[in-house]
Amino acid sequence: MDLNEELIQQITKMVVEKLEAASGSQTVQQTTSEQKVELFSQQPVGQLRVETLKSSPSGAVTFHSTTEEPQRAIATVKPKPTTAYGKPKAKPEEDRFAEYRKKTPARIGVGRAGSRPKTKTWLQFRLDHAAAVDAVYGEVPDDLLDQLGLFQVQSKVADKEEYIRRPDLGRKLSDEAKTVIQERCKKSPVVQIVASNGLSAKAIEENLEDVYLSLEQSLNNMNIEMGTTFYVDKGRVAVMDDIGELLQPDVVVMLIGERPGLVSAESLSAYMCYKPRHGTIEADRMVISNIHKGGIPPVEAGAFLGTIIQKILKYEASGVSLIQKEG
């Protein structure tokens, strides 16, 4: 039996198509069943601790530590002062001495600029030095002496240069001065007051009037007799010995300009001695110093001198002897 050749071709084609269809379906199914490849994991790696931030009513921003150390507020951390090199900045030297400067006019902790004093400090030093020189070489105004009714005599010193070089000559009255004093002064007074420029004419100019008038009033209130007050130009403290020999007073009070310093050039001292004579030792003299507007007020000093003179007259002693007798 002969098969139709055309029929065989159709059947073969149908079989091939079915086989191809079956093979394609299997390939698609196999492809869809393969595992999906993901490049990035959706799950977190390790442990993540989530903190719930509480809202701040003040609106302030807070920071939270991610470590296990105790948290601390950043506001409580005080930054350390540092220099450009990272080292702690030293406390200014001026601050260390501020408390001391409140209690003294001395030059404390003024600082330096390199190897020299600061400009302001140096200029102030020059000013104070000039004031000290003027105080030594200056003269007491004649108007002041006339106003207080004081006549003037000289020590044995000829000029300022000799006064500085020869202190011994300032302790002696000139012959002319002795004659004038004997002619014009009251003899044997209870208290003899003497003024002298000493080493600061400025001290006399600024303080003598207030001190003298206050002392005069104090002595009058205590009914203590005063002698004739006068002025000794270029005198030293011990010139009171010559005066004691001439007038024989019970007490000599000498108001004299102090040696000027670089703090004050107008400080006055009041020396007192009971019956000063030639040969009187320094231990028998006593002094109230630092009398000026920046120290002991002149009016207060004059009143206080009156009480000291009263003690000297009561115990008939001065200096160390007065302290011993007073107990």
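Refer to the preceding data block for the structure.
Source: prediction; values computed, not measured. (Residues numbered from 1 in each chain as written. Predicted model: local features only at pLDDT ≥ 70, side-chain atom pairs only at ≥ 80, totals over all residues. Heavy atoms only, no water.)

## With respect to the sheet that holds strand E5 (residues 230-233)
Note the threshold: Pairing between strands requires that DSSP locate at least two bridges from one strand to the other. Labels follow the DSSP assignment, with helices taken as runs of H or I lasting at least four residues and strands as runs of E lasting at least two, numbered in each case from the N terminus. Axis lines are fitted to C-alpha atoms, over the contacting stretch for helices. Their N-to-C directions set the angle, which ranges from 0 to 180 degrees. Any pair of residues with heavy atoms lying within 4.5 Å of one another is described as a contacting pair.
Ordered by their spatial adjacency, six strands build an open sheet running E3-E5-E4-E6-E7-E8, and the pairing between neighbours is mixed. What marks the edges here is a single partner per strand, and that holds for strand E3 (151-154) and strand E8 (285-291). When the angles between neighbouring strand axes are averaged without regard to direction, this sheet yields 25 degrees. Bridge count between strand E6 (residues 251-257) and strand E7 (residues 268-274): seven bridges; the pairing is antiparallel. Opposite Leu-255, over in E7, you have Ala-270 as the bridge partner. Across the sheet, helix H8 (residues 175-184) lies against E3 and E5, angled at about 150 degrees from E3, the strand it touches most.

## Comments concerning the nonpolar core
The cut-off we apply is this: Throughout this description, the term nonpolar core refers to a set of buried Ala, Val, Leu, Ile, Met, Phe, Trp, Tyr and Cys residues connected via side-chain atoms within 4.5 Å. We call a residue buried when its accessible area falls under 20% of the maximum for its residue type, exposed when it is over 50%, and partly exposed in between, using a 1.4 Å probe and counting protein chains only.
Counting residues in each nonpolar core, the largest one holds 37 residues, and the members touching the most others are Val-191, Ile-193, Val-253, Leu-255 and Met-272. Of all the secondary structure elements, the ones that give two or more residues to this core are helix H5 (142-148), strand E4 (191-196), helix H9 (201-221), E6, E7, E8 and helix H11 (298-315). The greatest single-element share of this core, amounting to eight residues, is contributed by H9. Once residues lying within four places of it in the same chain are set aside, the contact partners of Leu-255 are Ile-193, Val-194, Ala-195, Ser-196, Ile-204, Leu-208, Val-211, Leu-268, Ser-269, Ala-270 and Leu-305. Counting 19 residues, the second largest nonpolar core, distinct from the first, contains Ala-177, Phe-230, Ile-243 and Ile-256.

## Some points on the packing of aromatic side chains
Inclusion rule: The criterion for an aromatic pair is that two Phe, Tyr or Trp rings (for Trp, the six-membered ring) have centres within 6.5 Å, with stacked assigned to planes under 30 degrees apart, edge-to-face to planes over 60 apart and tilted to the rest. A ring has a charge above it when a Lys NZ or an Arg CZ is no more than 6 Å from the ring centre and no more than 35 degrees off the ring normal.
Per the stated rule, a full pass over the model turns up two aromatic pairs. When the ring of Phe-97 is compared with that of Tyr-100, the centres are 6.4 Å apart and the planes differ by 50 degrees; the resulting orientation is tilted. Owing to a relative accessible area of 51%, Tyr-100 belongs among the exposed residues under this scheme. Taking 5.3 Å as the distance between ring centres and 20 degrees as the angle between the ring planes, the aromatic pair formed by Phe-151 and Phe-230 counts as stacked. Of this pair, Phe-151 sits in strand E3 while Phe-230 sits in strand E5; the two residues are 79 residues apart in sequence, bridging distant segments of the chain. Residues Phe-151 and Phe-230 agree in their burial class; the two are buried. Here Arg-236 stacks its cationic end above the ring of Tyr-163, 4.2 Å away from the centre of that ring.

## Some remarks on a negative patch on the surface
Under the convention used in this document: Patch rule: a residue counts if its relative accessible area is over 30% and it has no salt bridge; like charges are joined within 9 Å, and nonpolar side chains (Val, Leu, Ile, Met, Phe, Trp, Tyr) within 5 Å. Only the protein chains shown count as cover for residues, and the accessible areas themselves come from Shrake-Rupley with a 1.4 Å probe. One side-chain nitrogen of Lys or Arg within 4 Å of one carboxyl oxygen of Asp or Glu is enough to make a salt bridge. Note on charges: Lys and Arg go in the positive column, Asp and Glu in the negative column, and His and the chain ends are not counted at all. Where a charge sits is defined by one atom per residue type, namely NZ (Lys), CZ (Arg), CG (Asp) or CD (Glu).
A surface patch of negative charge is lined by Glu-139, Asp-142, Asp-143 and Asp-146. You can see Asp-142 is positioned in helix H5. Note on Asp-142: relative accessible area 52%, which makes it exposed.

## Structural notes on the pattern of salt bridges
According to the stated counting rule, one finds eight salt bridges in the structure shown. Among the salt bridges present, the one from Lys-102 reaches Glu-99, with a minimum N-O distance of 3.8 Å. The shortest N-O distance in the salt bridge between Arg-285 and Asp-241 comes to 3.0 Å. With a gap of 44 residues between them, Arg-285 in strand E8 and Asp-241 in helix H10 (residues 239-247) connect regions that are remote in the sequence. We note that Arg-285, like Asp-241, is buried. What you see here is one network of salt bridges that share partners, running through Asp-241, Glu-282 and Arg-285.

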